[in-house]
Amino acid sequence: MRQKEAASIFHNIDWVTVLLYLVLVIIGWMNIYAAVYNEEHHVITDTTQKYGKQMIWITTSFLLAFIILIIDENFYTAFAYVIFGIFLAANIAVPYLGREVKGSRSWFRFGDFGVQPAEFMKFATNLALAKFLSNQNIKIADYKNTFITLMLIGIPLIIIKVLQDETGLAIVFTAFIFTLYREGLSVNYLLLGFLAIVLFILALLINNLYLFIIIAVLCSIAVLFVKRNRKNLFIIASVGLIACGMVKGTSTVYKHLEDHQRIRIDVLLGRGTVDLKKEGYNVNQAKIAIGSGGFLGKGYLEGTQTKYDFVPEQDTDFIFCTVGEEWGFVGSTIVIVLELLLILRIIFMAERQRSPFSRIYGYGVASVLFFHLTINVGMTIGLAPVIGIPLPFFSYGGSSLWSFTILLFIFIKLDSHRLQILR
Amino acid sequence: MNNPLSDRKFIVMGVFILVGLIYIARLFYIQVIDESYKLDAQNQAFRYRVEFPVRGYIYDRNQKLLVFNEAAYDLMVLPKNIKGIDTAEFCGMLGITKEVFSKKMKKAMQPPNSPRKESIFEKQLSPKDYAFLQERLYRFPGFFVQSRTLRKYPQKIAAHMLGYIGEADKARTEKDPYYNEGDYIGISGVEKTYEKVLRGKKGMRIMMVDVNNRDKGSYRNGIYDTLPVPGKPLTSSLDADLQAYGELLMQNKIGSVVAIEPQTGEILALITSPSYDPNLLVGRERTKNFSRLYLDSVRVPLFNRATMASYPPGSTFKLVDALIAQQEGVLSINTRYPCARGYPPLGGHPKCHPHSSPLALSDAIGHSCNSYFSFVFKSIIDNKKYDDTYEAFTAWRDYATSFSIGKKTGSDLANELGGNVPSIKYYDKVFGKGSWKASTVISLGIGQAELLVTPLQNANIVSIIANKGWYYIPHIIKAIGNDQNDSLLRRFKEKHYTMVTDTNIYNNVIQGMSDAVQSGTAAALKIDGIDFCAKTGTAENPHGKDHSVFVAFAPKNNPKIAIAVLVENAGFGAAWAGPIASLMMEKYLKGKVKRIDLEKRMVEGNLIDKAKTVPIKKKKSETKRSR
């Protein structure tokens, strides 16, 4: 009987996902080895080096994955809020209880090793969100419920941003917008968000006065083409006013940004003069590393830009540079495709769930991974602002790898019981 | 499950895939289409380090080493890497003051140098200083030692012929991209002429550096590196012993000796006096020594008289006139002309010394009769064969220049000049068109007036007579990298013939030169057991005492050496030039000299302090060498 149970741990597991996970983790490890290669410690398992340490993170991740698969699937639904609460508390506590290292207040330290609770907030929030939205009485379109949902996402975001000052880790929580969209959030919110981003960029690039005129002209044209009833006119008028407000607000927001954030936005948009030795250095070096890889790359361990420290943080946030430099266009494309395949596979799996909880959780996993992929790769090729977040399964670091593993394997566990009763 | 919201999955997936495609397109652009990133990467991570080849050695004709290389060490600085060094200790090590240190540092930081660029801090440390420094340099990050090679001259001879090397200047690097500023390049002598052979080819090592400019080893184990190709060794035709002996004889005299092997055109000795120790123009003292030599306006030691000084050939040229006249059929061995201590038709001008009269050709050569050769020259110009003076003069000039005078010989000696054979145009300008004739330019018959030849050309004339009508272009290098048939040497394998072709004509002149030694002007200079032919000369010097000239070849049959000696302000040819030529021929043919007294007199003779020379104007090309 016990044997049968043990065997059932792997029963119905989606091996495609597990395989993609393993491939990404192993390729990531190899790239960390190349990125910080040290000739005097050339053994990949040498734990004095980051690649040796990453090996520890990988094996412990496997252990975590195994534990997650052993635990009863009902545990995650039953304790979703508890888990959320515990990690929220940890995130509130860390600035006061954790040891400050290099100005960062987001780490608990245990000897040499550190744990960043903000990383684990992702799966905890995802659990809570799934729990809340899967309640059959809940309709997201209800304003009250929309508010609670936004709170579930917003509270961790604000805590991590304000208390820990980790912009990158905080901003990830906006990724759940995809989950909310799938669960019925009005498209208007998404359009409004999209409009905000477009206007923010335009307002920084174009004289605001011209922008007001353009908005006015567009609204006038819209009026000509729709049925001129009171409702439509009201909508057009309010959208136009909101747009103008956003444009006006942009300069206010921009002024209140921190210097380095403002510079990152300037670098991305090519505003003003960018000094490649100072504020433009990171992105420029990242582009040089990737661009110099060419079609087939320079070959494994033959990279110069990453290995010799021209690219900063080449093992964590800029790990993709090593891929681009040593494996070229072919390798970079393969990595993007692999990550995308995993994400799309998760969406496919989410859609086959009978349980809304599992589906919502699955979308959360895909959303978070996609957000990380987009920002992380985007910043190295100059398509996204520099926000320090890791590339899933690739970047060096215990907390991030553990967090992604837990995030993913809870879903794999849920998915393996997809044929069971509705939760 | 048929929830309308379910369709939203397509939107979500569509957005994800779209972003993926945009990213891949962007990657294609920066990795495949845009090449600029590759260049940026190379500029950042690669350092191209030049590997200097070993410069070719130079040997004499008996494989005696004339020039080799010695390692020298430059102390280099990369200002950017200097971190927390003890300046006082560093200055103490180098034996410089703090002021000098800051001056040098300033120089290293400013254009054309820069804090990010390596530049020379202290040039050419001695091996001893180097050993001392090398052990301690690790405590001074930013400083390192780079080895270079310096030329060394074990024999201390033939300074002008070997020449010297110096650093390439900006003008040079702009003209020839092979050189970078500061590279060594041959500036004069053989070092200049054979620069391309001697220098070899620079190699290039691609080194990788990290963001802090730390050395990270060679790129891909050096598969893209090129090794330096060492310069080829040269074998000179010079006989180092003869050269050294000649320089000894010529010490404290102003003048020149050129000795040629007639059968090959190989130069055996090329002496310019005063000379200098070639080692002076090497190393740290170079600039100081160069200025000292350069500014010596009395001795002008940097001036290469053998190839650049032009003197009237004097009596030597009588031989050429005798050859031309015979070829033209206006002179035979039995032709006799009178002499009245001068040329009678012009009232005893040019003057002559007392001797019996009239003389036939052989005796006229033996006694170097001025009157005789004035008659000979007149007979050439007034030759009935020609319609007028112009036609005859043109013929004479063509004959004369076929002896390789009036233009450069085309030797491989740097900075050679061509001398002068006056032209019709010149005389028309001086005397007016049609207003001159043989008697107007009669001095040409005795090798005076506007006629100018270099000592090298003079030696070549003797060589032509010894060969009876032909010569190889005189040259100082006989093999490149042990290859005697190198394409650079091909022009020295080609026989050149003069317009005087009949060997009997030469025999007549040679007989006269032999008589000069047996019973004529050179009778005092006989060498035991060697028959040689000679001609004394005295070149008129409008600035002071006449120059002593002597040309000879030996042995009479199957000549091995042709020699031309000129000692400035030394009077008659037999007084100084003759004994020096005779001693050198003895030395070369017999290996040692028996006439110790004569040798002693020559070696100890000091004419330089008595000389009242007017500084010779240097060619522009020579004066601009100072660095």
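Residues numbered from 1 in each chain as written. Chains lettered and ligands numbered in written order. Predicted model: local features only at pLDDT ≥ 70, side-chain atom pairs only at ≥ 80, totals over all residues. Heavy atoms only, no water.

Quick look at the overall build of chain B
Phase 1 of the analysis: For chain B, the helix and strand inventory stands at 22 helices and 18 strands.
Phase 2 of the analysis: Relative to the 2.2 N^0.38 estimate, which gives 25 Å for 627 residues, the radius of gyration of chain B is 34 Å and therefore markedly larger than a compact globule would have.
Phase 3 of the analysis: When its C-alpha atoms are laid out on the principal axes, chain B stretches across 140 × 60 × 45 Å.
Phase 4 of the analysis: For chain B, with 627 residues in total, the buried portion stands at 54%.
Phase 5 of the analysis: At a minimum sequence separation of 6, the contacts of chain B that also span at least 24 residues come to 71%.
Phase 6 of the analysis: About 27800 Å² of surface is accessible on chain B, with carbon and sulfur atoms providing 53% of the total.
Phase 7 of the analysis: Of the side chains in chain B, 87 bear a positive and 62 a negative charge, and the two mean positions are spaced by 3 Å. (Helix = DSSP H or I, 4+ residues; strand = E, 2+ residues; numbered from the N terminus. Rg over C-alpha atoms; globule rule 2.2 N^0.38 Å. Buried < 20%, exposed > 50% of the residue type's maximum accessible area, 1.4 Å probe, protein only. Contact = heavy atoms within 4.5 Å. Areas by Shrake-Rupley, 256 points an atom, 1.4 Å probe, with all protein chains shown as cover. Lys, Arg positive; Asp, Glu negative; His and termini not counted. Charge placed at Lys NZ, Arg CZ, Asp CG, Glu CD.)

Concerning the side chain of D415 of chain A
Phase 1 of the analysis: Following the sequence through the fold, D415 of chain A ends up in helix α17 (residues 398–416).
Phase 2 of the analysis: Leaving out residues up to four positions away in the same chain, D415 of chain A has contacts with N12, D14, M349, R352 and Q353 of chain A.

Overview of the domain arrangement of chain A
Phase 1 of the analysis: What the domain assignment lists for chain A is domain 1 (2–185 + 273–416) and domain 2 (192–256).
Phase 2 of the analysis: Taken over C-alpha atoms, the centre of domain 1 of chain A sits 35 Å from the centre of domain 2 of chain A. (Domains from an automatic or database assignment.)

A closer look at the domain arrangement of chain B
Phase 1 of the analysis: Each assigned domain of chain B is listed with its residue range as follows: domain 1 (66–96 + 105–154) and domain 2 (256–282 + 303–571).
Phase 2 of the analysis: Relative placement of domain 1 of chain B and domain 2 of chain B: their C-alpha centres are 55 Å apart.

With respect to the interface of chain A and chain B
Phase 1 of the analysis: At the interface, 51 residues of chain A touch 35 residues of chain B.
Phase 2 of the analysis: For the pair chain A and chain B, the two sides together bury roughly 3800 Å², of which 72% comes from carbon and sulfur.
Phase 3 of the analysis: Considering only the side of chain A, the residues that lose the most area to chain B are Y181, Y308 and F329 of chain A, jointly responsible for 17% of the buried surface there.
Phase 4 of the analysis: Our count for the contact surface shared by chain A and chain B stands at zero salt bridges. (Buried area = accessible area lost by both parts, 1.4 Å probe. Salt bridge = Lys/Arg side-chain N within 4 Å of Asp/Glu carboxyl O.)

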